[in-house]
Amino acid sequence: MGIRTRLVQVGEHVTAGDTPALTPAIYETTTFSMPSAAALQAYQAREREGYFYTRYDNPTVVGVEQKIASLDGAEAALLFSSGQSATTHTLLSLLKAGDEVVCSAAIYGGTHHLLTDLLPRLGIEHRFVPVDDLTRADRVIGPRTRMVWFESPINPTLRCVDVRAVAALCRAAGVISVADNTFASAINQPVLAYGVDLCMQSATKYLNGHSDVTAGAVSGSTAMLAPISHMRRLIGGVLDPIAAYNLGRGMKSLSLRVMQQNATALEVARALEGDPRIRQVYYPGLESHPDHAVARAQMCGFGGMVTLDLADGEAAAFRFFDQLMLIQRAVSLGGVESLCSLPTLSSHAGLTDEALALAGVSRGMVRLSLGLEEADDILADIRQALG
Ligand SMILES: *Cc1c(COP(=O)(O)O)cnc(C)c1O
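If you're wondering where the values come from, they're calculated on a predicted model, not measured in any experiment.

> What is the right way to look at the overall build of the protein chain in this model?
If you tally the helices and strands in the protein chain, you get 15 helices and twelve strands. Over its C-alpha atoms the protein chain spans a radius of gyration of 21 Å, differing by no more than 12% from the 21 Å that the globule rule assigns to 387 residues. Among the 387 residues that make up the protein chain, the fraction classed as buried is 53%. For the protein chain, the computed accessible surface area is about 16,400 Å², with 54% contributed by carbon and sulfur atoms.

> Help me understand empty space enclosed by the protein in this model?
Over the atoms rolls a probe the size of a water molecule, and in doing so it shows where empty space is left. As enumerated under the stated definition, the model contains four cavities of 30 Å³ or more in all. If you add up the space inside the largest cavity, you get close to 80 Å³. As for the largest cavity, its lining consists of Gly 11, Glu 12, Pro 24, Thr 60, Gly 63, Val 64, Lys 67, Tyr 245, Gly 248, Arg 249 and Lys 252. Counting residues per element, the ones that place at least two in the lining of the largest cavity are α3 (59-72) and α10 (241-251). Of the pockets and cavities examined, the second largest cavity occupies roughly 60 Å³.

> Would you explain unusual backbone geometry in this entry?
It is generally the case that most residues other than glycine have a negative phi and that most peptide bonds are trans. A cis amide bond links Ser 152 with the next residue in sequence, Pro 153, at an omega value of -10°. For Pro 153, the location among the structural elements is in the loop between β4 (145-151) and α7 (163-173). A cis amide bond, omega -10°, links Asn 155 with the succeeding residue Pro 156. Among the structural elements, Pro 156 can be located in the loop between β4 and α7. Phi is positive for Ser 211, which is not a glycine, with a value near 50°.

> Would you take a moment to explain the domain arrangement of the protein chain for this structure?
The accessible area lost on association of the parts is a frequent measure of interface size. Looking at the assigned domains, one finds that the protein chain contains domain 1 (3-251) and domain 2 (254-386). Listed by partner, the interface residues are 34 residues for domain 1 and 42 residues for domain 2. Of all residues in domain 1, Pro 156, Asn 188 and Tyr 206 bury the most surface against domain 2, accounting for 26% of the area lost on that side. Between the two partners, domain 1 and domain 2, sit one salt bridge.

> Help me understand the sheet that holds strand β7 (residues 216-220), please; the structure alone is not making it clear to me.
Here seven strands make up an open sheet; going across it, the order is β1-β7-β6-β5-β4-β2-β3 and the pairing mixed. Every other strand in the sheet has two partners, leaving β1 (76-80) and β3 (125-129) as the edge strands with one partner each. Here the strands of the sheet are splayed against their neighbours by 20° on average, with no regard to which way each runs. Pairing analysis gives three bridges linking strand β5 (residues 176-180) to strand β6 (residues 198-202), with the strands arranged parallel. Each bridged residue has a counterpart across the sheet, and for Asp 180 the counterpart in β6 is Met 200. Of the strands in this sheet, β4 and β5 touch α7, which is tilted by about 175° from β4.

About the cut-offs
- Residues numbered from 1 in each chain as written.
- Predicted model: local features only at pLDDT ≥ 70, side-chain atom pairs only at ≥ 80, totals over all residues.
- Heavy atoms only, no water.
- Helix = DSSP H or I, 4+ residues; strand = E, 2+ residues; numbered from the N terminus.
- Rg over C-alpha atoms; globule rule 2.2 N^0.38 Å.
- Buried < 20%, exposed > 50% of the residue type's maximum accessible area, 1.4 Å probe, protein only.
- Areas by Shrake-Rupley, 256 points an atom, 1.4 Å probe, with all protein chains shown as cover.
- 1 Å grid on protein atoms, 1.4 Å probe; cavity = no way out; pocket = protein on both sides within 12 Å on 5 of 7 lines; lining within 4 Å.
- Points joined across faces, edges and corners; volume = space filled by probe spheres on them.
- Domains from an automatic or database assignment.
- Contact = heavy atoms within 4.5 Å.
- Buried area = accessible area lost by both parts, 1.4 Å probe.
- Salt bridge = Lys/Arg side-chain N within 4 Å of Asp/Glu carboxyl O.
- Pairing = 2+ DSSP bridges.
- Axes fitted to C-alpha atoms, helices over the stretch in contact; angles between N-to-C directions.

Given below as C-alpha cells:
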C-alpha cells in the first residue's frame, strides 16, 4: 500500500465497538465500563490488552499510534503529551544509574537540558560528541555507553549525520540508537529502515502540521517499546484523545505537505544563493552545503527548513525579521504557515560568542520554516525584507 493511502486509511477504524462512521470516534472518556468481574479478570489475564482506563490506553490514541507506526515502518508507536515527554519517557525507561548516554553535541535544546539538568540527579551520565565524530566508534562508544541519541538534519545549520553509519556502530557495540527525526519525518528519511532502534519525533511539528497540537511519538519494535509503554503508565505523560484525533487528521496530508515544502524550500534556497546580502544559504539540498552528499544518500527530499546567514550580521537579521510581512515571526516549525525565528534569540539564546561559534551559529542567522504558500510569494517577502 502506498504511503498516501496508508496515511489516510491506517488507524481510522479502531473503535471500542461497532461504528459505521467514516472518520474515527473521539473516545473522550477516562474509563471503560466492564460488564462483569469475569470480563475484568479476562482483561488482567490478557496482560491488560483492551481498554480499561485512558491513562493506560484509549482507542482514539491507539488509532493514531497505528498510523505513525505505519508511516515509520515500525512494529508499533507510542504517543505522548509533547515531544519532550516522548524524550523523557524514552530516556528514563531505557537508562539506569551508572549508564552513559552519548549525544550529538548539536542537538535540540530541550534534549540537551534533560541530559544536563535531569539525568545527573539520577546518576545517569552523558557525554556530548561533535557531529563530525558521530560515525567514529572509537569516539562514540565507551565502557558504560548504553544509548546514542542524535538528530538529522540539525537546527539551525541543517548539518546531517550519516544515520546508517551511527545505527551500524551502535548495533555492533550492543548500544541502543535513537534518532530524533522531527525535522525530516519518514517521508523524507525513514530512519528505522536505516537500522536505528527507535525513532523519536515531536509530532507538534510536521506530523500534525497545523501548529495547533502539542504531541510527541516514539516508534520501533514492540520489545523495545514495552518498557517505554510501562513508563508511560507510571509517569502519565499521555496524549488527550481530542489532541490525538486532531493529530491523526493532520497526518492524512503529511506526505502532500512535506513534498510541497521540499519543493518550495529547494526553490527558495536556490533563488537566494549568491545574493550579496546573504553570506550563506544553509539547505541540505544545495551542493554548497557541507553535508549535501550525506543528505543525498539518505533523504528523499531535503525538508522545508532553510537558514540564511545575513552578510551584515545581527543588525541585518533583526531588520529582516521586523520587515517580514507574509512570513510570521514565531518559533516552532513544520506548519502550513511560513515562520521565521532568530536562533540567537530562541534555540541558542544566551550563548556566548564562543559557544555560538562551536555550534556553527552566527548572529546574522534567520531560520525559515516554509509553509504551503507559493514560493513566489515567499521569495517576494524575503526580498523586500532584505531591503
Ligand atoms: C520541537 C522539538 C522537540 C520537542 O518537541 P515538543 O513537542 O516541543 O515538546 C524535540 N526535538 C526537536 C528536533 C524539535 O524540533
